[in-house]
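Residues per chain are reported as follows:
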Amino acid sequence: QLQFVESGGGLVQPGGSLRLSCAASGFTLDYYAIGWFRQAPGKEHEGVSCISSSDGSTYYADSVKGRFTISRDNAKNTVYLQMNSLKPEDTAVYYCAAEEDLPLFRLCVFPDFGSWGQGTQVTVSS
C-alpha cells in the first residue's frame, strides 16, 4: 500500500535551514494532495504546509509563512519542505501525508489524510 520515506531532519541552530524530503512508494503522488504535518511532544498534529493535486495550490500555517516552502518533483515522486529561518518552536516530528481530492478550502487538516509516513525529527536548538 501507500508508503512514504521521510528524510532530511536533524539538529539545527536557530536561524538555520533544513530541507525535508518525502519519497512516495506504491503510488504516484501526482494525483494526491500532499501535506506536511508536525507533532511536538504533548501536542496534536499541526498542519504545516500542503500542496494540492490539481493546480499546485499551497497552504501554509501562519507560523511558517515566509519561511517554509513546499514543492513537488513528480519525476522523482517526491515532495519537499524547505525550511528556512528555523525557530525553536519548529521543533517536532515532521510527517508527510497524502490524500485524494481535497478541496482547496480544506487542504491541510490532518484527519482528512489517509496515509502518512514514519516521520523525521527536527530539533532547533542552540
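Residues numbered from 1 in each chain as written. Predicted model: local features only at pLDDT ≥ 70, side-chain atom pairs only at ≥ 80, totals over all residues. Heavy atoms only, no water.

A. Examining the overall build of the protein chain more closely. When you go through the protein chain residue by residue, the secondary structure sums to zero helices and 11 strands. Moving toward the C terminus, one meets the helices and strands of the protein chain in the order β-β-β-β-β-β-β-β-β-β-β. Along the longest, intermediate and shortest principal axes, the C-alpha atoms of the protein chain span 40 × 25 × 25 Å. Residues classed as buried in the protein chain amount to 44% of the 126 residues present. For the protein chain, restricting intrachain contacts to residue pairs at least 6 apart in sequence, the fraction spanning at least 24 positions comes to 59%. When the accessible surface of the protein chain is summed, it comes to about 6,500 Å², and 46% of that surface belongs to carbon and sulfur atoms. (Helix = DSSP H or I, 4+ residues; strand = E, 2+ residues; numbered from the N terminus. Buried < 20%, exposed > 50% of the residue type's maximum accessible area, 1.4 Å probe, protein only. Contact = heavy atoms within 4.5 Å. Areas by Shrake-Rupley, 256 points an atom, 1.4 Å probe, with all protein chains shown as cover.)

B. Main features of the pattern of salt bridges. A complete count under the given rule lists five salt bridges for this structure. Between Arg38 and Glu46 there is a salt bridge, and its shortest N-O distance comes to 2.8 Å. The buried category is assigned to Arg38, whose relative accessible area is 6%. Here Asp90 and Arg67 are joined by a salt bridge, their closest N and O atoms 2.8 Å apart. On the criterion of sequence distance, the pair formed by Asp90 in the loop between β8 (78-83) and β9 (92-99) and Arg67 in the loop between β6 (58-60) and β7 (68-73) is long-range, its members being 23 residues apart. What makes Asp90 buried here is its relative accessible area of 1%. Of the residues examined, Arg67 reaches a relative accessible area of 10% and is grouped as buried. Among the charged side chains, a network of salt bridges with common partners joins Arg38, Glu46, Arg67 and Asp90. (Salt bridge = Lys/Arg side-chain N within 4 Å of Asp/Glu carboxyl O.)

C. Region of the structure containing the state of the cysteines. Per the stated rule, a full pass over the model turns up two disulfides. Along the protein chain, the cysteines that take part in disulfide bonds pair up as 1-3, 2-4, counted in sequence order. (Disulfide = S-S within 2.5 Å.)

D. Here's a closer look at the nonpolar core. Ranked by size, the top nonpolar core spans 29 residues in total, and within it Trp36, Phe68, Leu81, Met83 and Tyr94 carry the most contacts. Looking at this core, the elements that each hand over two or more residues are β3 (18-25), β4 (33-39), β5 (46-51), β7, β8, β9 and β11 (120-124). What Tyr94 contacts, discounting residues up to four positions off in sequence, is Glu6, Leu20, Trp36, Phe37, Arg38, Val48, Phe68, Leu81, Met83, Gly119, Thr120 and Val122. One finds Ala33, Phe37, Phe110 and Phe113 within the second-largest nonpolar core, a separate group that totals nine residues. (Core = buried A, V, L, I, M, F, W, Y, C linked by side-chain atoms within 4.5 Å.)

E. How the structure looks around the pairing of β4. In terms of burial, β4 is a largely internal element, six of the seven residues being buried. Two elements, β4 and β9, share seven bridges in a ladder whose sense is antiparallel. Its bridge partner being in β9, Arg38 is matched across the sheet by Tyr94. Looking at chain direction, β4 and β5 are connected through five bridges and run antiparallel. Counted as the bridge partner of Trp36 is Ser49 from β5. Linking β4 back to β5 in an antiparallel pair, the connection comprises six residues, with Gly42 at a positive phi of about 80 degrees. (Pairing = 2+ DSSP bridges.)

F. View of the environment of Phe110. For Phe110, the location among the structural elements is in the loop between β9 and β10 (115-116). A relative accessible area of 17% places Phe110 in the buried class. Setting aside residues up to four positions removed in sequence, Phe110 forms contacts with Phe37, His45 and Trp116.

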